[in-house]
Amino acid sequence: MSKNDPQSPPERRMRGFEAAGRLLRNRIRSAGEARGFAVSRLLTHWAEVVGEDTAAQCRPVKIGYSKGGLGATLTLLTTGAAAPMLQMQLPQIREKVNACYGYNAISRISLTQTAPTGFAEGQAQFTPKPKSEPRAPDPRIVAKAHEQVADCTDEGLKSALEQLARNVLSRSAERAGQKKG
């Protein structure tokens with residue numbers, strides 16, 4: 001069927017938004033290949049490949065290939081405190097990474113230790129600490145906030161002002177407690 005054939009389905013054009021993954025696929029691939037990552041899945045799905053606990057302690061930085069081309073070295077960035085634990089897990093990490101590639105692409109894993117903060121290239125930013133559940137406000141603060149907005153007649157505005165008052169009073173109480181302690 002040719003383009004001008006009335007029997008052929010019309011040519012589809014993308015309208016609207018394209019998937020972000022499709023837009024960034026080539027850029028991610030070129031950035032990954034610059035660091036030796038032939039399979040970008042290792043970078044984009046690191047937590048799925050090695051597990052959440054291991055991914056929270058390290059991240060892949062580079063894959064270096066030897067001149068002979070047999071077996072590559074994966075370089076992982078980690079903090080100094082996590083390095084001894086990761087050193088013991090290297091055989092398991094290597095197996096999981098090679099499973100991602102589908103063959104024994106990685107023959108060696110090298111750990112690079114860095115501080116959590118410091119120079120721009122050496123900063124290790126791993127998964128942040130999970131946010132704790134918000135605790136219930138002090139009943140005295142709730143009562144005082146309710147008292148402050150009692151004269152307001154608009155229920156929406158009254159609710160918003162009461163929440164604001166609770167936040168301000170709670171923050172003031174926290175700061176006062178920190179100064180005393």
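Let me begin by describing the structure that accompanies this report. (Residues numbered from 1 in each chain as written. Predicted model: local features only at pLDDT ≥ 70, side-chain atom pairs only at ≥ 80, totals over all residues. Heavy atoms only, no water.)

**With respect to the pairing of strand S2 (residues 72–79)**
For clarity, the threshold we go by: Only protein chains enter the accessibility calculation, which uses a 1.4 Å probe. A residue is then buried if its area is under 20% of the maximum for its type, exposed if over 50%, and partly exposed in between. Every helix listed is a DSSP run of H or I at least four residues long, and every strand listed is a run of E at least two residues long, numbered separately from the N terminus. Strand pairing requires that DSSP identify at least two bridges connecting the strands. If the strands point away from the viewer and the path from the first strand over the helix to the second runs clockwise, then the crossover is right-handed.
In terms of residue burial, S2 counts as a mostly covered element, since seven of its eight residues are buried. Of the strand pairs in this sheet, strand S1 (residues 58–65) and S2 are connected by seven bridges, and their pairing is antiparallel. Residue pairing for S2: Gly64 is matched across the bridge by Thr73. In this fold, S2 hands off to helix H5 (residues 83–101), which returns the chain to strand S3 (residues 106–114); that crossover is right-handed.

**Focus: the nonpolar core**
As a rule of thumb, nonpolar side chains are buried together in soluble globular proteins. Our working rule: What we call a nonpolar core is a set of buried Ala, Val, Leu, Ile, Met, Phe, Trp, Tyr and Cys residues that are connected through their side-chain atoms within 4.5 Å. Here, residues are in contact when the closest pair of their heavy atoms is within 4.5 Å.
The biggest cluster of nonpolar side chains holds 21 residues, and the ones touching the most others in it are Leu42, Trp46, Leu74, Leu76, Ile93, Val97 and Ile106. Put simply, the parts of the chain that give this core at least two residues each are helix H3 (46–50), S1, S2, H5 and S3. Those residues in contact with Trp46, other than ones at most four positions away along the chain, are Arg41, Gly51, Ala55, Cys58, Arg59, Pro60, Leu76, Ile93 and Val97.

**Topic: the layout of surface pockets**
Rolled over the atoms, a probe with the dimensions of a water molecule shows which regions are left empty. Which entries qualify depends on this criterion: A 1.4 Å probe that fits into a set of points on a 1 Å grid over the protein atoms alone but cannot get out defines a cavity; an open set with protein on both sides within 12 Å along at least five of seven lines defines a pocket, and lining residues are those with an atom within 4 Å of a point. Grid points are joined across faces, edges and corners, and a volume is the space filled by probe spheres set on the points. Under the scheme applied here, ten amino acids are nonpolar (Ala, Val, Leu, Ile, Met, Phe, Trp, Tyr, Cys and Pro), four are charged (Asp, Glu, Lys and Arg), and all others, including Gly, are polar.
The space that makes up the largest pocket amounts to roughly 500 Å³. What lines the largest pocket is a set of 15 residues, among which Arg135, Pro137, Arg166, Ser170 and Glu174 lie closest to the centre. Broken down by secondary-structure element, the contributors of at least two residues to the lining of the largest pocket are helix H6 (139–148) and helix H7 (155–180). Broken down by element, the residue count for the lining of the largest pocket peaks at seven residues, all from H7. Here the residues of the lining of the largest pocket are counted per class, giving five nonpolar, three polar and seven charged.

**Observations regarding H5**
In plain terms, the rule: The reported bend at a residue is simply the angle between two axes, fitted to the 7 residues ending at it and to the 7 residues beginning with it.
The largest bend in H5 is about 60 degrees, located at Gln89, with the proline Pro91 one to four residues further on. Among all positions of H5, only Ala83, Leu86, Leu90, Ile93, Val97, Asn98, Cys100 and Tyr101 are buried. Buried residues along H5 sit in contact with helix H2 (41–44), H3, helix H4 (52–55), S1, S2 and S3.

**Thoughts on the pattern of salt bridges**
Put simply, the test is: In the sections that follow, a salt bridge refers to a side-chain nitrogen of Lys or Arg positioned within 4 Å of a carboxyl oxygen of Asp or Glu.
Under the defined criterion, the tally for this structure stands at one salt bridge. Close ionic contact of Asp138 with Arg140 constitutes a salt bridge, the shortest N to O distance being 2.9 Å. Classification of Asp138 as partly exposed rests on a relative accessible area of 28%.

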